[in-house]
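Survey of secondary and tertiary structure
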Amino acid sequence: MKKRSAAQIYVYVLMLIIGFVWIYPLFLIFFNSLKPYRDIMIHFLDLPSVWDFSRYADVWVRLDFPKLFLNTIIYTISSVFLTVLLASLAAYKLSRTKTKYSTVVFILIIIPMMVPFQTYMISMIQVAKQLNMLGNRLGYIIVQTGLLMPLAVFLFHGFVKTVPRELDECAYIDGASRLRTFFAIILPLLTPIAITVAIIDALAVWNDILINLLVAGAKQELLNIQIALYTRFSAEQSDWGTALPGIVISIAPNILFFVFMQKYIVKGITAGAIKG
């Protein structure tokens, strides 16, 4: 029994060390966000001599963070809502339709998961340009939703297969349409995987840089938080004094969101595995 306890202690210590290594860069970002530019350049690894939080207020006003937060929240909520809705509907239909065509369609939907985004990035932007999706919020939301769909459909498809078909048949006997059956009976049962998909996609949209840059372009009114920080940092001679406080502000909601919601990710994935 003592050997087992000692082994557990070693594992815990190793996990703490690994965890500290992973989180150490975040501490560096936070500490350096409190320093003047000169100290960042010369004493990057040192603790701040003065904890000056006034830089946060300055960056908040200078980068117009309220507007950036509003843009990012609109993009995140809209893209996640459309992805969960459309992916769950598509997965339900494909899962319940047992034909070779449904299999082909399912494979075509998830193919983008298997190839690098850079291989079809230019073609995607050209199509978006022809459809007048560039330079506007709706276009960005549609493009983002399309890119999130493959993984979402894949996850929903596996989960829907665990839902008994007898539920559908009972609903049809009672006179319910397919849509009503889905929204009233099937969708509530998909709540665990729907939450998992929503969390993963919300983090992806919130942290997006490339798609916002490609679709929204340089329009200031369309920028999200991450691209605004990237543009500011790269365009103004590596302004670390502005970039670091902005990074802390931008990742704080991310970290809190993930800490409180991570249990639902595990719940959604394990629920599907157990049912399967």
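Conventions we followed
Residues numbered from 1 in each chain as written. Predicted model: local features only at pLDDT ≥ 70, side-chain atom pairs only at ≥ 80, totals over all residues. Heavy atoms only, no water. Helix = DSSP H or I, 4+ residues; strand = E, 2+ residues; numbered from the N terminus. Buried < 20%, exposed > 50% of the residue type's maximum accessible area, 1.4 Å probe, protein only. Contact = heavy atoms within 4.5 Å. Areas by Shrake-Rupley, 256 points an atom, 1.4 Å probe, with all protein chains shown as cover. Lys, Arg positive; Asp, Glu negative; His and termini not counted. Charge placed at Lys NZ, Arg CZ, Asp CG, Glu CD. Phe/Tyr/Trp six-rings, centres within 6.5 Å; stacked < 30°, edge-to-face > 60°. Core = buried A, V, L, I, M, F, W, Y, C linked by side-chain atoms within 4.5 Å.

**Thoughts on the overall build of the protein**
- Along the protein, the regular secondary structure elements total 13 helices and zero strands.
- Listing every helix and strand of the protein by position from the N terminus yields α-α-α-α-α-α-α-α-α-α-α-α-α.
- Considered along the principal axes of its C-alpha atoms, the protein spans approximately 75 × 70 × 35 Å.
- Counting over 276 residues, the protein shows a buried share of 36%.
- The long-range fraction of contacts in the protein, counting pairs at least 24 apart against all pairs at least 6 apart in sequence, stands at 72%.
- Taken as a whole, the protein presents about 16,400 Å² of accessible surface, with 72% of it coming from carbon and sulfur.
- Side-chain charges of the protein comprise 23 positive and 14 negative groups, with the mean position of each set lying 10 Å from the other.

**Here we look at the packing of aromatic side chains**
- Tallying each qualifying case throughout the model produces 15 aromatic pairs.
- The interplanar angle of 40 degrees and the centroid separation of 5.6 Å between the aromatic rings of Phe20 and Tyr24 together place this pair among those described as tilted. Of this pair, Phe20 and Tyr24 both sit in helix α1 (residues 2-32), four residues apart, which is roughly one turn of the helix.
- You can call Tyr24 partly exposed: its relative accessible area is 34%.
- Look at Trp60 and Phe69: their rings are 5.8 Å apart centre to centre, the planes differ by 40 degrees, and that puts the pair in the tilted class.
- Assessed through its relative accessible area of 35%, Trp60 is described here as partly exposed.
- You can call Phe69 buried: its relative accessible area is 15%.
- Ring pairing ties together the aromatic residues Phe27, Phe30, Phe31, Trp51, Phe53 and Tyr56, which thus form one cluster.

**A look at the nonpolar core**
- The biggest cluster of nonpolar side chains holds 22 residues, and the ones touching the most others in it are Val84, Ala87, Phe156, Ile186, Leu190, Ile193 and Val197.
- Setting aside residues no more than four positions away along its own chain, Leu190 makes contact with Ser88, Phe156, Phe159, Val160, Val163 and Phe182.

**A few points about unusual backbone geometry**
- The phi dihedral of Asp64 falls on the positive side, at around 55 degrees, and the residue is not glycine.
- Mapped onto the fold, Asp64 is located in the loop between α3 (54-62) and α4 (65-96).
- For Asp64, a relative accessible area of 38% translates into the label partly exposed.
- The phi angle at Asn132 is positive, at roughly 60 degrees, despite the residue not being glycine.
- Following the sequence through the fold, Asn132 ends up in the loop between α6 (121-130) and α7 (137-160).
- Classification of Asn132 as exposed rests on a relative accessible area of 62%.

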